[in-house]
Every structure is written in structure tokens, then in C-alpha cells.
Amino acid sequence: MGNREHWGSKIGFVLAASGSAIGLGNIWKFPYITGENGGAAFIFVYLICIVIVGLPVVVAEILMGRTTQRNPVGAFKALSGSKFWTAIGGLGVLAGFIILSFYTVIAGWSLGYVFEALKGGFSQLGTAAQANEHFDSLVGDPTWMIGFYTVFFVFTMAVVFLGVKDGLEKGSKILMPILFIILIILMIKGISLKGSGAGLAFLWKPDWSKITGQSILIALGHAFFTLSLGMGALMTYGSYLSKKTNVPNAAVQIVVLDTVIALMAGIAIFTAVFATGQDPAGGPGLIFNTLTVVFGNMTGGYIFGLLFFVLLSVAALTSSMSLLEVVVAYFVDERGWGRHRAVLVLGTLVYAFGLPSALSFNLMADMTINDLTFFDSVDYLASNILLPFGGFFIAIFVAWIWGLDKALIELKKGAEKFFDNQPYLIKVFKIFLKYISPVMIFIVFLHSVGLLESAYEQIKNYWIIIVLAIVILIIIVSRNRKKK
Ligand code: PFF
């Protein structure tokens, strides 16, 4: 363990971890789900989810990594010694493998659109329907699809191949400032457009009637995805930290950066969408269909369109690096592989597993199970099942199994002053991690797998039995505690 690589500086870690968090989720998904769910009111709910569920789990993950100096499997094993919990770490590594395989497919589109922008392709797009047709023809072409998927994948492998300091940290230090500068330019351009006020109003003036149980669950699920939680990416990054780093402080910085970037992307996109009279609820096609029309009709659209897709590709790259690192770290720590061998072998395996996802939009589009293509199925499995499942167990593990007392001793290392100044924060952290986060994640999980509605029906029918069972459980637990 002595020769484990470490981050060169705290800022290096914060940039790399924010790079993992900031990705397609912020620039592609957050704006479109905000558009579909009514704008400002949705953002409000999302921010609450980020603070009460996201932040505590970010702290928990980084802490597990830093304490054990291990990948997710090794971290659970070292802290619990139990096979069950080690397997939970294994599910995290599996989730990393699967998410990387389809995430890079969308990242490939974004890289492909950099070339579309360079060719001046958006200037021919007059309407969203034309943009849609153009998009369909591109992703419908397996050569285009696989070509950009491959190039993007090679970039990801190259960075991870170089290691923690020279690859992940250096890469993030170069890419994250580029991302930030491009986003500021795009935001200023958006705000300066005539009619952009309507876009800003859409983002800041809440319409509470739009908030439904469904939109709250979407906000909570997205809080997880956007912070890279539930599969040990931040745990793995945390394992390259020394005990001197102030974890709560770094966690707050990561969460704030991720949130600010999502909001900036929202401003850049909706000001432009409203200024040109496009539909804000364009769904997943908001970027590729709505926004390309905006660029096609805007002065300077060539350069802004180009910048936008470079931004999207950069954001995706710093996230895909972290996904591959989880899988690589497992083989390096637990199986004794060298980093280079792990990157080459596992990178190739994930790449091969991603090919059917890339082909799901063309050659394999008709091969569906339950109406889902291969891409849809792996996306569903990872985002709706493995991530909430992993997040739930991470919160439960730190709060109840490893135990908050032990976790807090670790948390205070490097953050002594932080807690001396704000003692109440520890109490808040405890309550969130012990009760609020697991319960909320569990609800998202039930919703994701479609069980929430039927669970609701059951509760309605059997509520007396359920209340009685809970009361009996509380009595048994409190009696046992007294005996101890
Ligand atoms: N947080 C990334 C995004 O918002 O695009 C996605 C992601 C990256 C999820 C890494 C999970 C992960 F481990």
C-alpha cells in the first residue's frame, strides 16, 4: 500500500472528482429534464435533493476510499470483512463497467457533432424536424457511430493509462478550466441574445403546479447520477487521498462546482432556446435537435456551436475516465495487475461490451426485449437499478455497519478546525446519513423498478398491519439496546 499513487494536491483531487461529477448529466440531461419538468420549481427540488441526499453520500464515499486506500471491493472488504458487503463493492465495479460502455456511446455522438460543427453542418438546419432527421441519419450510420465511439474510447483509455497524477490529475487540470471558460462564453452569449429574458424567467420563476411525485423522484435520481454516486467512483478517487485532506470541505466544493456548472449550462441553453422561439421541452433531443437549430440561425453560430460540442466532449471525457478508473483500480488492488495491463485488457473488454449499444441505433435497432434495445436495457439496469441500489447500501454501510462513530473519527482527520467551528454539522450529517438518505434512495429505487405504485397500493390496503409491525420492531430494538 506504501507505493500507492496519490493526488499531487487537494485542488488536483477536487478538479478530478468534479470532473467525474460534471458530465453529460450536467450539460445534456439536467437542462432537458428541467425543461420537461417545468423549470424553476424543478430546480428548487433538485437543489434540496443535492444537499440532503447527495452531499452526505459524497462524504461517505470519499471517506471510505480514503480510510481504506482501496477500490470499492477492497474498501468494503477492509471495513467489514464480510462477503455480502464485499459483493456490494463488486456491484459498484460492475456498474462502472456497464455505465462506461454506454456513456461513451453518447460521448461519441458529442465528438461526432464537433466535426459536424467544423463542417458547418448546423447552418443547413432550419427547423427542429430537419435537425432530427439529420441526427437520425448520423446515428443510423454504424460507421459514423462506431468510429466516434472508438476515438472517444481511446482517449479515455489513454488518460487512465498514464496513471493518477500524470493522467487523471493532469488531464483534469487542463480540461476543467477549458470547460469552465467555454461555458462562461456560451452563457454570456446566451444572455446577450435579444429575448433571452424569457429563458431566464423560465429558470428562476417557479411554477409550483409542475411539481409532482414523479418530478421529485426524477430530481432525486438525477442528483445521484450527476454526483457520480452509488458505484464507488468517488470512493476510488478518495482512495488516492492522504489523511491530511479536509474531506467535508472538498466534498462541498465538488457538490457546489457540479451544481453551478449544471445551472450555467441551463442558462446558456435556455436563453438561446427561448430567444430563438424553440421548444424548451425538447427532451433528450434538446441538445442535438433544438440547440443545433439555434446555432444554425444565430450570428456566430459556427463558433458557438463548435465550442458547445467541444464542451460536451470534454465534460464527458473527465467522467468516463473516472468510470474506467473504478474498474482498473479493482484489478490493480485486488488482483495484483499492473495499471497498463489493466487499462488495455479491461478497456478493450468494456469497449467490446459497448459495441451492441453503439449498434442499438442502427443495425441492432430492431433487436429489442420488452421494447428496449440493448442500449436502453443496460442504461436502465445501471442507472435505475445498480446506482440507487449501491447508493442505498453505501449510506447504510457507513451509518450502521462501519458505524458513524468510527467514520467520524476518520472524517475529523484533516478537518479538525472545520468541525470545531461548526459542531452542529456533525449532528446534521449523522441524521442525514442514518435516516434521510437511505429512505429517500430506497423510494427512488422502488420507483425506478416500478414498484412504488404497487407498494403504495399495498400500504393503503394493509396500513394497520404495517403500523403494528413497525411498533413491534421499535419495541424489540429498544429492548435489545437496553440489554446491551
Ligand atoms: N456524473 C456523470 C455525469 O453527470 O455525466 C456521470 C457518471 C460518471 C456517473 C461517473 C457515475 C460515475 F461513476
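See above for the structure.
In this report, the structure presented in the accompanying data block is examined. (Residues numbered from 1 in each chain as written. Predicted model: local features only at pLDDT ≥ 70, side-chain atom pairs only at ≥ 80, totals over all residues. Heavy atoms only, no water.)

Turning to the overall build of the protein chain, a few remarks are in order. Along the backbone of the protein chain there are 19 helices and zero strands. With the C-alpha coordinates of the protein chain rotated into their principal frame, the extents come out at 75 × 55 × 50 Å. Burial status across the protein chain gives 56% buried among its 484 residues. Put simply, of all contacts in the protein chain between residues at least 6 apart along the chain, 83% involve residues at least 24 apart. As displayed, the protein chain has an accessible area near 20,300 Å², and 68% of this comes from carbon and sulfur atoms. Positive and negative side-chain charges of the protein chain, numbering 33 and 25 respectively, have mean locations separated by a distance of 15 Å. (Helix = DSSP H or I, 4+ residues; strand = E, 2+ residues; numbered from the N terminus. Buried < 20%, exposed > 50% of the residue type's maximum accessible area, 1.4 Å probe, protein only. Contact = heavy atoms within 4.5 Å. Areas by Shrake-Rupley, 256 points an atom, 1.4 Å probe, with all protein chains shown as cover. Lys, Arg positive; Asp, Glu negative; His and termini not counted. Charge placed at Lys NZ, Arg CZ, Asp CG, Glu CD.)

Residues in contact with the ligand amount to 15 residues; listed here are only the nearest, Ala-21, Gly-25, Tyr-103, Phe-225 and Met-231. In this structure, Gly-25 approaches the ligand through a main-chain N or O atom, which is 2.8 Å from an oxygen atom. At 3.4 Å from an oxygen atom of the ligand is found a side-chain nitrogen or oxygen belonging to Asn-26. By residue class, the composition of the shell around the ligand is seven nonpolar, eight polar and no charged. (Near = heavy atom within 4 Å. Polar contact = N/O pair within 3.5 Å; in protein donor to acceptor, adjacent residues only side chain to side chain. Nonpolar A, V, L, I, M, F, W, Y, C, P; charged D, E, K, R; others polar.)

Here Ala-60 is to be found in helix α3 (residues 40-68). As a C-alpha pair, Ala-60 and Thr-348 span 288 residues in sequence and 31 Å in three-dimensional space.

Side chains that are nonpolar tend, in soluble globular proteins, to be buried together. Grouped together as the largest cluster of nonpolar side chains are 166 residues, with contacts concentrated most on Phe-13, Ile-287, Phe-308 and Phe-309. Ranked by the residues each element gives to this core, the list is headed by helix α14 (residues 301-335), at 19 residues. (Core = buried A, V, L, I, M, F, W, Y, C linked by side-chain atoms within 4.5 Å.)

Right, let's get into unusual backbone geometry. In this structure, Gln-69 takes a positive phi of about 55° despite not being glycine. Tracing the backbone through its elements, the reader meets Gln-69 in the loop between α3 and α4 (72-80).

Any two side chains of opposite charge can pair, given that their charged atoms come close. As enumerated under the stated definition, the model contains nine salt bridges in all. For the salt bridge of Lys-173 with Glu-169, the shortest nitrogen-to-oxygen distance reads 3.6 Å. With a gap of four residues between them, Lys-173 and Glu-169 both fall in helix α8 (residues 164-192), about one helical turn apart. Residue class for Glu-169 comes out buried when judged on its relative accessible area of 4%. Lys-210 is the salt-bridge partner of Asp-207, the closest N and O atoms lying 3.6 Å from each other. On the basis of relative accessible area, Lys-210 is assigned to the partly exposed category, the value being 41%. (Salt bridge = Lys/Arg side-chain N within 4 Å of Asp/Glu carboxyl O.)

On to the side chain of Ser-313, then. Tracing the chain through its elements places Ser-313 in helix α14. Note on Ser-313: relative accessible area 8%, which makes it buried. At a separation of 2.8 Å, a polar atom in the side chain of Ser-313 contacts the side chain of Ser-110.

Take the packing of aromatic side chains next. The description of an aromatic ring pair uses the distance of the two centres, along with the angle that the planes make with each other. Under the definition given, this model contains 46 aromatic pairs. Centroid distance Tyr-149 to Phe-153: 5.7 Å. Interplanar angle 70°. Geometry classified as edge-to-face. Remark: Phe-153 and Tyr-149 occur in helix α7 (residues 142-161); sequence separation between them is four residues, near one turn of the helix. Here Tyr-149 matches Phe-153 in class, with each residue buried. Positioned above the aromatic ring of Trp-337 is the side chain of Arg-341, whose terminal nitrogen or guanidinium carbon lies 4.0 Å from the ring centre. (Phe/Tyr/Trp six-rings, centres within 6.5 Å; stacked < 30°, edge-to-face > 60°. Lys NZ or Arg CZ within 6 Å of the ring centre and 35° of its normal.)

What follows covers the packing of α4 against α14. Where α4 meets α14, the axes come as close as 8 Å, and the angle between the chain directions of the two elements is 55°. Between α4 and α14, the angle is such that the two are oblique. Contacts between α4 and α14 pair Pro-72, Val-73, Gly-74 and Lys-77 from the former with Val-326, Tyr-330 and Glu-334 from the latter. For the contact of α4 with α14, the per-class residue count stands at four nonpolar, one polar and two charged. (Axes fitted to C-alpha atoms, helices over the stretch in contact; angles between N-to-C directions. Parallel < 35°, antiparallel > 145°, perpendicular 65-115°, else oblique.)

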